[in-house]
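Listed below are the residues making up each chain.
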Amino acid sequence: MKFNLIILNSLIAENNYITASCTISNNIICKNEKKIFENKKADLPGFLLSIYNYFNINYPRFYKMDNLCKLGWLTSEILLKDEYKAGNYLPQETAIVLANASSSLDTDIKYFDTVKDIPSPSLFVYTLPNIMTGEICIRNNFKGENAFFVFDNFDTDFMEQYINNLMDHTLVGRGICGWVELLEETYKAVLFLVEKEKRETFNLFSVENMNKIFEAANR
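Because the structure is a prediction, the values reported are computed rather than measured.

## With respect to the environment of Lys198
- Position of Lys198 among the secondary structure elements: in the loop between strand E7 (186–195) and strand E8 (203–204).
- Residue Lys198 is classed as exposed on the basis of its relative accessible area, which comes to 63%.
- Put simply, Lys198 and Thr19 are 179 residues apart on the chain and 8.5 Å apart in space, counted from C-alpha to C-alpha.

In structure tokens form, the structure reads like this:
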């Protein structure tokens, strides 16, 4: 039974493709495995703001977000830039599935510090990691399934099966998935846009290809 399930998952995966990827790590941004921006001198908040300014983004909600949310949101903005065609999908046909290791701990610690004096409502809002997926959905009017998981490491096997199952057995026609980890000055974001469209320039949506792009972001 397990062997048959593995074969079935393999066949399903062949129908879905990574049509775009974006990584942000070590103060470098790569889009589709090519470096497009670098700012080595900035600290994390300054680096995130420099991304926002460099790509001429105009979205006032950005300034209210915590660092984790800014990181994931900016990665999604660059991922979808020049790739996203709103008319191709209904709002409910795009799913977002993200994961990390630290949940919202970076903001949890900052919020806890305010409790000693006056609790900060603006920080409390971001003491759940799925607020990040909510911000991405609000920006793009996505209304499909969204989920956030906490793992010790990026579980590409789980992500492959979860996204493939959504795209083959529900109304979802496209998935945004990946890893957005941030704790203090340590961070890494790797997002994939997954669709059924097949072209020679697209990578198969597979564990191997996700791992390859994820590991390249460490360099």
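Having put the structure on the table, let's press on.
## A few points about the pattern of salt bridges
- As enumerated under the stated definition, the model contains five salt bridges in all.
- Its salt-bridge partner being Glu135, residue Arg61 comes within 3.1 Å of it at the nearest N-O pair. With Arg61 in the loop between helix H2 (44–54) and helix H3 (67–80) and Glu135 in helix H6 (residues 130–140), the pair connects residues that are 74 residues apart, well separated along the chain.
- Arg61 sits in the partly exposed class, given a relative accessible area of 35%.
- Of the charged contacts in the structure, one is a salt bridge between Arg139 and Glu77, with a shortest N-O distance of 3.0 Å. Here the residue Arg139 occupies a position in helix H6, and Glu77 occupies one in helix H3, the gap between them amounting to 62 residues.
- Assessed through its relative accessible area of 31%, Arg139 is described here as partly exposed.

## Focus on the pairing of strand E4 (residues 94–100)
- Where burial is concerned, most of E4 is hidden: seven out of the seven residues are buried.
- Here E4 shows no split at all, with Thr94, Ile96, Leu98 and Asn100 on one side and Ala95, Val97 and Ala99 on the other all buried.
- For E4 and strand E6 (residues 174–183), the ladder comprises six bridges, and the chain directions are parallel. Paired with Val97 across the strands is Cys177, a residue of E6.
- Strand direction decides the pairing type here: E4 and strand E5 (residues 146–150), joined by five bridges, are parallel. Paired with Ala99 across the bridge in E5 is Phe149.

## Observations regarding the confidence of the model for the protein
- On average, residues of the protein score 89 in pLDDT, and 91% of them reach the 70 mark or higher.
- Averaged pLDDT values over the elements of the protein bottom out at 46 in helix H1 (residues 2–13) and peak at 98 in H2.

## Focus on the nonpolar core
- Ile24, Ile29, Ile51, Leu71, Trp73, Leu74 and Met132 are the most contacted members of the largest nonpolar core, which has 38 residues in total.
- Elements with a contribution of two residues or more to this core: strand E1 (17–25), H2, H3, E4, H6, E6 and E7.
- Broken down by element, this core gets its largest block of residues, eight residues, from H3.
- Among all residues touching Met132, those that are not within four sequence positions of it are Leu68, Cys69, Gly72, Leu98, Phe148 and Val180.
- Counting residues in each nonpolar core, the second largest holds 20 residues, with Cys177, Phe192, Phe205 and Met210 among its members.

Calculation criteria
- Residues numbered from 1 in each chain as written.
- Predicted model: local features only at pLDDT ≥ 70, side-chain atom pairs only at ≥ 80, totals over all residues.
- Heavy atoms only, no water.
- Helix = DSSP H or I, 4+ residues; strand = E, 2+ residues; numbered from the N terminus.
- Buried < 20%, exposed > 50% of the residue type's maximum accessible area, 1.4 Å probe, protein only.
- Salt bridge = Lys/Arg side-chain N within 4 Å of Asp/Glu carboxyl O.
- Pairing = 2+ DSSP bridges.
- pLDDT = per-residue confidence, 0-100.
- Core = buried A, V, L, I, M, F, W, Y, C linked by side-chain atoms within 4.5 Å.
- Contact = heavy atoms within 4.5 Å.

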